[in-house]
Every structure is written in structure tokens, then in C-alpha cells.
Amino acid sequence: MTTSPTSTADPQTTAAPTTPASALTESAAALVPLLRENAARTEADRRVAEENIAALSEAGLFRLTVPRRLGGHEADFRTFLEVTSELARGCGSTAWVATLINVCNWMVGLYPERTQQEVWGGNPDARVCGVLAPSATSQAVEGGLVVTGRWGYASGSLHSQWACLGIPVVDVSGDQTDQGFALIAMDELTIEDTWHVAGMRGTGSNTLVADEVFVPAHRIMSVTQAVEGTCPTEYKDEALYRSALVPVLALVLAGPQVGLAQAGMDVVTASLAQGRGIAYTFYGRAREAPSTQIQLAEAAQLIDTARLHLMRAADDIDSWAARGEHMPFETRARVRMDTGYVARRCREALDLILSIQGAGSFAEANPLQRIWRDQETGSRHALVNPAIAGELYGRALLHIEEQVTFLI
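For clarity, every value in this text was computed on a predicted model and none was experimentally measured. (Residues numbered from 1 in each chain as written. Predicted model: local features only at pLDDT ≥ 70, side-chain atom pairs only at ≥ 80, totals over all residues. Heavy atoms only, no water.)

Enquirer: Can you tell me about the sheet that holds strand E3 (residues 144–154), naming the residues and giving the values?
Expert: Strand pairing in a sheet relies on backbone hydrogen bonds. The paired strands run either parallel or antiparallel. Here 4 strands make up an open sheet; going across it, the order is E2-E3-E7-E6 and the pairing antiparallel. Of all strands in the sheet, those bounded by a partner on one side alone are strand E2 (136–141) and strand E6 (190–192). Ignoring which end each strand starts from, the neighbouring axes of this sheet average 15° apart. (Pairing = 2+ DSSP bridges. Helix = DSSP H or I, 4+ residues; strand = E, 2+ residues; numbered from the N terminus. Axes fitted to C-alpha atoms, helices over the stretch in contact; angles between N-to-C directions.)

Enquirer: Lay out the state of the cysteines in plain terms, naming residues and giving numbers.
Expert: Scanning the entire structure with this criterion turns up 0 disulfides. Considering cysteine sulfurs only, cysteine 346 is the nearest to cysteine 91, which forms no disulfide, with 17 Å between them. Between cysteine 164, a free cysteine, and cysteine 104, which holds the nearest cysteine sulfur, the sulfur-to-sulfur gap is 6.3 Å. Judged by its relative accessible area of 2%, cysteine 164 is buried. (Disulfide = S-S within 2.5 Å. Buried < 20%, exposed > 50% of the residue type's maximum accessible area, 1.4 Å probe, protein only.)

Enquirer: Any chance you could break down the side chain of asparagine 105 for me, citing the residues and the numbers?
Expert: Among the structural elements, asparagine 105 can be located in helix H4 (residues 92–108). We classify asparagine 105 as buried; its relative accessible area is 0%. Here phenylalanine 62 takes part through its backbone oxygen, which lies 2.9 Å from a polar atom of the side chain of asparagine 105. Contacts of asparagine 105, omitting those with residues within four sequence positions, involve Phe62, Thr65, Val66, Trp120, Ala126, Arg127 and Val128. (Polar contact = N/O pair within 3.5 Å; in protein donor to acceptor, adjacent residues only side chain to side chain. Contact = heavy atoms within 4.5 Å.)

Enquirer: I'd like to hear about the packing of aromatic side chains, residue by residue, with values.
Expert: By the definition in use, this model includes 4 aromatic pairs. An angle of 75° between the planes, with centres 5.8 Å apart, marks the rings of tyrosine 153 and tryptophan 195 as edge-to-face. Taken as a pair, tyrosine 153 in strand E3 and tryptophan 195 in the loop between E6 and strand E7 (206–216) lie far apart in primary sequence, 42 residues in all. Taking the relative accessible area as the measure of exposure, tyrosine 153 reaches 63% and is therefore exposed. An aromatic cluster is defined as three or more aromatic residues linked by ring pairs; in this entry it consists of Phe77, Phe80 and Trp106. Lying over the aromatic face of tyrosine 235, arginine 69 brings its terminal NZ or CZ to 3.5 Å of the ring centre. Over the aromatic face of tryptophan 320 sits the side chain of arginine 323, whose NZ or CZ is 4.2 Å from the ring centroid. (Phe/Tyr/Trp six-rings, centres within 6.5 Å; stacked < 30°, edge-to-face > 60°. Lys NZ or Arg CZ within 6 Å of the ring centre and 35° of its normal.)

Enquirer: Tell me what's going on with unusual backbone geometry, and back it up with residues and numbers.
Expert: Its identity is not glycine, yet arginine 46 carries a phi of approximately 60°, on the positive side. Assignment of secondary structure puts arginine 46 in the loop between helix H1 (21–45) and helix H2 (50–58). Not every positive phi belongs to a glycine, and glutamate 212 is a case in point at roughly 55°. For glutamate 212, the location among the structural elements is in strand E7. Among the residues examined, glutamate 212 registers a relative accessible area of 62% and is labelled exposed.

Here it is as C-alpha cells:
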């Protein structure tokens, strides 16, 4: 195994002490009441409440995937998902932003030491957003590329200092030779206010714009090589950054789905405890109706099923990375399948919960309608798509070489 090089970090920067996974999850759980209180304001303002951002930062929950040598927790992906699903019990938009920032921070951990130092050397709380799609043009120049482009759905961009953006990598003739990630400081980009949507309104997933921005070569990483497990970080003994790229990018999106479904369960059980009845029936207390009991049990079972698949996939990612082995193709395809499966089960659970609560679920004053809209929106991210996930996993099981995407 390759030995880590001596860190070039600032002498004042010291490795953070190891924080138990349970402590990080407990910190997330402690923030749920605050996030719940600010959820309506986050949605109305179309950005996460600054009070939430400050609380997450103070709790260290934006540093889940920052290298420990640079002041982060370097937490595994089981812990990552436990934290973000817990945050979603309070606010779906806040949990989504925390998810995207933490996974983009993880991507910076795949870059060379020089790049990591530029991001975190002077500020371990620096945050990174990102968009995978290479919706840009590039021009090769001495020392790097000049990039012009527009990247939509940049969740967390309102609260980040850096952005990791998909670009075409070209040679001096202008021919594309690869697909890459370009790391660009936010002060070199502009944000267009384009995020006007039904759900996840508070994520601020606006459009980032670059106009002839120079990106040095050390801030450009090959996507195709990263998919196959080859990344430029010199710290080959840090297991977290050996995790399989696409399974990580897909699976983390399912964490908030489980948390949102559980948030719906929290709302409906609290409502049932208050003793409300079922309209146009003789049931003065809905909780005494067998139909309510059965639907509630089925919803709970669906959430449990989703969580089991979520954590099974997380454990696969973590265990392959810990062994220093690249996750096999079929297992990577199955993690994509697991991601879509989690989303479907959580949507089904929330549908049952809404049926228990009835038409009142959709009153503007009822948090269930916001939870439902957040769930319906977030679970339809392109990397979550259950139908596409099923297609690519089925092809993998049948050993069909031609796939529908290289993002597996």
C-alpha cells in the first residue's frame, strides 16, 4: 500500500481528533427542532435559513468528508447517510444542501494535495457545491483550460466558496479527449436565479455561469478515470477517498429521501396522538381504526425496507474502500438500483401517510404538503431515476456490455 506523503499543510493546521459516528448523528438529531422551525422560512426565501447554515457549520456537519488532516471528520458513508437522513426529518432542503456540499467536499478529497490546500488549507469550513453535467466549452491554454459554460441545479451554491463543475477536456486542436471536473472559486462565477420549483425550494439550486474562466491543470480531474477508481490524490491510504465515485454520487441522494419519509411519519403519529377522528365515519379517534393501523404499519415497513437497502449499499461502498479494492461493475450497478429502490419505497410510504392524514395533508399550514413536494422533487434527480437504474442493473446481471451510461 502506498505511504502518504508528508502533508504540506500550514504548520498551524493539525489533524482533527476522531469524532465517533454516533456523536455526529446525535448532533444532527439535536438540530432537527431548529430545522423544522425554520423549514417554512427556508422554503419561502428559496434558500436555507442562515441560522441553519451557521448551526450546521458550528456542529461540524459540513466537514463530514473533509480529510481529517485538514480539520475534517473523514466520516464513512454510513455515517454520512445517517446524518443527512436525520437532518431531513427537520427540513428537506437543508438536508439536501448538506448532502450536496458534503459529497462535493468529498470529491475535492480526490484531487491532489495542492488543490486540497487551496480549498481547506486556510479554512477547514470552506464549502463546495457542484454539477456533474459537462454543460460547457473548453479551450486548451498553457497550464490548463479556459472554461465557459452554464450549469443548472447547483444545489448549495448560495452557501459555497467553490464549485466542482463538469467540463469537456480538450487538446490544443480543440478535440475532446476526456470529460472532467473543474474546481472553480465561486468569486469567478455568477449565479443566475433560476430555481423556481414545486419542491426542494429552499435548496437554491440555481444556475452557475462561467465566462472564460482559467482553470489550472491541478484543479481539473478526469471523470472517466475517477469512475474506474483512479484519482490524483497522493494520500492513497485514506480509505474514504478510495470509495467508488458513481455509487457515492448516486446513493447520497437517497439519504434525505428516508429522512423525509420519516418526517412524514413523525407528523402523522403526532396528529393521531391528539385523538382526531376520521371524517364521515363513526371513528371518533382515527388511531383506533384498523385501516389506520394497517396503513401506518405498512408505511413504517416501507421506510425500514428503504433504510435497510440504503445502509446495505453504504456498507458495500465503505467495505470495498476499506479493503483498497475498486468496487466491481455489477455491485456498482446494484448500488444504482438500490438508490432508485429507496426512492420508490419512500414515495410509497409517504403516499400511505398522506392517505392516513387525508385531504388536510395539503393545507398550506400542514408540513406534510411541503414534505411531500420535497420528496417528489428530490427523488426524481437523474442519478436516482429508478427506471434507468433498473435497466442498467438488468444489463449488468445479463452481462450485456452495451450500457445506457458510463456513470456506473
